Amino acid sequence: MTHRITILGATGSIGKSTAEVLAQHPDRFRVTALVSGSDVRGLAEMAHRLEAEFVALADASKQKPLREALAGSGIASGAGPSAVIEAVEREAETIVAAISGVAGLAPTHAALKKGRRIGLANKESLVCAGAAFMRDAARTGAAILPMDSEHNALAQALASGHPDDVVTMTLTASGGPFRTWDEARIAAATPAQTAKHPTYSMGAKINVDSASLMNKGLELIEAHHLFGLRPDQLDVVVHPQSIIHGLVHWRDGAVTAGLANPDMKIPIANCLAAERRLTMSVPRLDLAAIGGFTFEAPDEARFPCLRLARAALAAGGGMPAVLNGANEVAVEAFLSGRAGFGDIPRVVEETCAAFAGQAGYEPATVEDALALDREARRIAAGFLPAVSRPAV
Ligand code: NDP
Ligand code: MG
């Protein structure tokens, strides 16, 4: 039976890797819909190649050029929020949720409300609205399959035992491009330098988060919601080779680890598989060629974003949504030259401090979480530097 797939964030790094996985199994999958932000050419090219039924752009002003780019193809299209929802609601077995940032929350939640199987790459959805999101998934029967490499490895490792026997879980971090840099050099880093990730090729926002280690902090919060563990049951170790992605520590002292070459096609294939694994033409993991693994503790003094994310996780309630909204504002400002790299943890810390009085507030619904996100963004914008600097 062919399996129908819809990709949210099709033109991005995860979207393109998903397309590569599908291309290796043309008889097994069919593409229902593709969604992206504003990239008309990228979306139209992919729609032709994957023979999608329907495509949607979030940017409503791109309706006409999109229609022109698809003329004669028989592929239906739309632009704007209602077209995105139409894409989500078309019949498909699996939705790959790979829009970057909180912009992915509403479409992913719409898929979840339909009870779809969701390959979840968009970690910001869980960070912003984790409790409500997971509650709605349980209510509608939507299966959430973790696509983030660490969580995918953890989910696979978990299958070797009973969830109640888990003591802790460890997520590995590559350490990012600034792993060996001193504090002053990190604070002055440029957007171009954040793009040089040592082991993965990714979108601009996650590149910055990986360089600041905010990505690992967001992933701790993601793991908390996906696996139902307390904050003190989750830790991070820096592993620059990015071969071990996650470790489950069991009550008998055994540890099950998930290993793979750092290639997102591998966790994506794992999420798209049904009962049997997909055959993938990827290089075999060659431990002798790698030679050795190294590990170090993360340095929260040089990478304060990890400390701030841990604090937000420990505070619970709406604090992760505040942290995430402030981080998105600061990262956007950094990428457009309106803030320095060192401003990112400062803006996040000041924004979280501004919300300290509301620490007990837990958004009851995804809509409440999105309202808190908007409020956090408004406050965070006020903490951005007044003077702009040139982007490099
Ligand atoms: P990219 O920046 O490469 O791609 C983002 C995608 O989202 C693009 O297709 C973009 O469209 C689309 N998009 C942006 N805004 C909107 C919007 N408002 N509505 C609809 N579509 C939108 O990001 P990545 O692929 O790197 O990351 C995607 C998600 O996956 C993130 O949450 C990230 O944390 C997570 N992830 C990524 C990993 C990776 O290796 N890249 C690994 C693990 C998790 P357009 O091109 O038109 O702008
Ligand atoms: Mg990851």
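As the structure is a computational prediction, the values presented were derived from the model and not from experiment. (Residues numbered from 1 in each chain as written. Chains lettered and ligands numbered in written order. Predicted model: local features only at pLDDT ≥ 70, side-chain atom pairs only at ≥ 80, totals over all residues.)

## Focus: the UniProt feature "domain: 1-deoxy-D-xylulose 5-phosphate reductoisomerase C-terminal" (unreviewed entry) in the protein
So, point 1. Following the UniProt record, the feature "domain: 1-deoxy-D-xylulose 5-phosphate reductoisomerase C-terminal" (unreviewed entry) maps to residues 144-227 here.
So, point 2. In residues 144-227, helix accounts for 50% and strand for 13%; the two terminal C-alpha atoms are 11 Å from one another. (UniProt positions renumbered as here; feature names shortened; annotations may be inferred. Helix = DSSP H or I, 4+ residues; strand = E, 2+ residues; numbered from the N terminus.)

## Examining the nonpolar core
Nonpolar side chains in soluble globular proteins tend to end up buried together.
So, point 1. Residues Leu-34, Ala-97, Ala-309, Ala-326 and Ala-330 are the most contacted members of the largest nonpolar core, which totals 116 residues.
So, point 2. The element best represented in this core is helix α15 (residues 319-335), accounting for 10 residues.
So, point 3. In this structure, Ala-326 is in contact with Val-347, Val-348, Thr-351, Cys-352, Ala-376 and Ala-380, ignoring residues within four places of it in sequence. (Core = buried A, V, L, I, M, F, W, Y, C linked by C-beta atoms within 7 Å. Buried ≥ 20, exposed ≤ 12 C-beta atoms within 10 Å, placed from the backbone. Contact = placed C-beta atoms within 7 Å.)

## What to know about the sheet that holds strand β11 (residues 255-259)
So, point 1. On the basis of which strands lie adjacent, the open sheet formed by 4 strands has the order β9-β8-β10-β11 and mixed pairing. The open sheet terminates on both sides in strands that have one partner only, identified here as β9 (234-238) and β11. Neighbour to neighbour, the strand axes of the sheet diverge by 20 degrees on average, direction disregarded.
So, point 2. When strand β10 (residues 244-250) meets β11, the two strands line up antiparallel, connected through 5 bridges. Residue pairing across strands places Gly-246 opposite Gly-258, the latter belonging to β11.
So, point 3. The strands touched by helix α7 (residues 149-158) are β8 (166-173), β10 and β11; relative to β10, the strand with the most contacts, the crossing angle is about 40 degrees. (Pairing = 2+ DSSP bridges. Axes fitted to C-alpha atoms, helices over the stretch in contact; angles between N-to-C directions.)

## A few points about the packing of helix α14 (residues 304-315) against helix α16 (residues 343-354)
So, point 1. Interaxial distance between α14 and α16 falls to 9 Å at its minimum, and their mutual angle equals 20 degrees. Overall, the two elements α14 and α16 adopt an arrangement that is roughly parallel. Crossing hand, α14 versus α16: left-handed. Contact residues: α14 offers Pro-304, Cys-305, Leu-308 and Ala-312, while α16 offers Ile-344, Pro-345, Val-348, Glu-349 and Cys-352.
So, point 2. Broken down by class, the residue content of the contact of α14 with α16 amounts to 8 nonpolar, no polar and 1 charged. (Parallel < 35°, antiparallel > 145°, perpendicular 65-115°, else oblique. Left-handed = near helix turned anticlockwise from the far one by under 90°. Nonpolar A, V, L, I, M, F, W, Y, C, P; charged D, E, K, R; others polar.)

## Some words on the site of ligand 1
So, point 1. Within the structure, ligand 1 sits among 30 residues, and Gly-12, Gly-37, Ala-58, Met-202 and Gly-203 are positioned closest to it.
So, point 2. The set of elements that each furnish at least two residues to the shell around ligand 1 consists of α1 (13-23), β2 (29-36), α6 (123-140) and α10 (204-212).
So, point 3. Classifying every residue of the shell around ligand 1 gives 13 nonpolar, 12 polar and 5 charged. (Near = placed C-beta within 6 Å.)

## Thoughts on unusual backbone geometry
So, point 1. Phi at Glu-51 is positive, roughly 55 degrees, even though this residue is not glycine.
So, point 2. Relative to the elements of secondary structure, Glu-51 occurs in the loop between α2 (40-50) and β3 (54-57).
So, point 3. Here Leu-213, not a glycine, exhibits a phi torsion of approximately 70 degrees, which is positive.
So, point 4. Of note, Leu-213 is situated in the loop between α10 and α11 (214-227).
So, point 5. Residue class for Leu-213 comes out buried when judged on the 30 C-beta atoms lying within 10 Å of it.

## Some remarks on helix α17 (residues 366-381)
Side chains three or four residues apart in an α-helix point the same way, a direct result of the helix having 3.6 residues per turn.
So, point 1. With 16 residues, α17 ought to run about 22 Å at 1.5 Å a step, and its terminal C-alpha atoms sit 22 Å apart, in line with that.
So, point 2. Every buried residue of α17 is listed here: Val-366, Ala-369, Leu-370, Leu-372, Asp-373, Ala-376 and Ala-380. Down the axis of α17, the smallest arc covering the buried residues is 160 degrees, so these residues share one side. Turned more than 90 degrees off the buried face of α17, the exposed positions are Arg-374 and Arg-378.
So, point 3. Elements in contact with the buried residues of α17: α5 (105-113), α6, α15 and α16. (Expected span 1.5 Å × (residues − 1). Arc of directions from axis to C-beta.)

## Description of the UniProt feature "domain: 1-deoxy-D-xylulose 5-phosphate reductoisomerase N-terminal" (unreviewed entry) in the protein
So, point 1. As recorded in UniProt, the sites labelled "domain: 1-deoxy-D-xylulose 5-phosphate reductoisomerase N-terminal" (unreviewed entry) are residues 5-130.
So, point 2. In residues 5-130, helix accounts for 44% and strand for 22%; the two terminal C-alpha atoms are 24 Å from one another.

## A few points about the sheet that holds β3
So, point 1. The sheet built from 7 strands is open, its strands ordered β4-β3-β2-β1-β5-β6-β7 with parallel pairing. Looking at the sheet topology across the chains shown, the edges are occupied by β4 (76-79) and β7 (144-146). With direction set aside, neighbouring strand axes in the sheet form an average angle of 20 degrees.
So, point 2. Where strand β1 (residues 3-8) and strand β5 (residues 94-97) come together, 4 bridges link them in parallel fashion. Across the sheet, the residue bridging to Ile-7 is Val-96, located in β5.

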